[in-house]
Amino acid sequence: MYCRHCGKEIPEDKTICPYCAHSTGAPPKPAFNYNPSDGSSFWWALLGFLIPVVGLVLYLVWRDEYPLRASSAGKGALVCVILYVILVGLSCCVVLCAI
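Per the secondary structure count, the protein chain includes three helices and zero strands. Going from N to C terminus, the protein chain has its helices and strands arranged as α-α-α. The C-alpha radius of gyration of the protein chain comes to 24 Å, more than 25% above the 13 Å expected for a compact globule of 99 residues. Its C-alpha atoms put the protein chain at 80 × 35 × 15 Å along the principal axes. Evaluated residue by residue, the protein chain yields a buried proportion of 19% over its 99 residues. Expressed as a percentage of contacts within the protein chain between residues at least 6 apart in sequence, the contacts between residues at least 24 apart total 36%. A total of about 7500 Å² of accessible surface is found on the protein chain, and carbon and sulfur atoms cover 68% of it.

Pasting the structure below:
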């Protein structure tokens, strides 16, 4: 694509010419493509909580195509891991105090 004002070649994704700072007239591309079949769900979060490895895998697979689903599964897995670390820490404290 060429700038209408200075005539220099500019990348397709630019909305402002880097040489003359005039607008190219092209509308900016949206940063987030909404997928109508995407939606956050308690069930994906529950699955990620119950099986954190599955939640992590779903997050990594879906993060570009279904970001809301991926976020739900990832948050469920993260909550499970945090609770596991807290419970292990508390149980270690109880065992050390009992000794």
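Further notes follow.
Further remarks concern helix 3 (residues 67-98). End to end, helix 3 covers 46 Å across 32 residues, agreeing with the expected 46 Å (1.5 Å per residue, within 8%). Within the span of helix 3, buried status applies to Arg-69, Ala-70, Ser-72, Ala-73, Gly-74, Gly-76, Ala-77 and Cys-80. Where helix 3 is buried, its residues touch helix 1 (42-50) and helix 2 (52-62).

Another aspect to go through is the nonpolar core. Residues Leu-58, Trp-62, Tyr-66, Ala-70 and Ala-73 constitute the largest nonpolar core, which totals five residues. Broken down by secondary-structure element, the contributors of at least two residues to this core are helix 2 and helix 3. If near-sequence neighbours (up to four positions away) are discounted, Ala-73 is found in contact with Trp-44, Ala-45, Gly-48, Gly-55 and Leu-58.

Definitions and cut-offs
Residues numbered from 1 in each chain as written. Predicted model: local features only at pLDDT ≥ 70, side-chain atom pairs only at ≥ 80, totals over all residues. Heavy atoms only, no water. Helix = DSSP H or I, 4+ residues; strand = E, 2+ residues; numbered from the N terminus. Rg over C-alpha atoms; globule rule 2.2 N^0.38 Å. Buried < 20%, exposed > 50% of the residue type's maximum accessible area, 1.4 Å probe, protein only. Contact = heavy atoms within 4.5 Å. Areas by Shrake-Rupley, 256 points an atom, 1.4 Å probe, with all protein chains shown as cover. Expected span 1.5 Å × (residues − 1). Core = buried A, V, L, I, M, F, W, Y, C linked by side-chain atoms within 4.5 Å.

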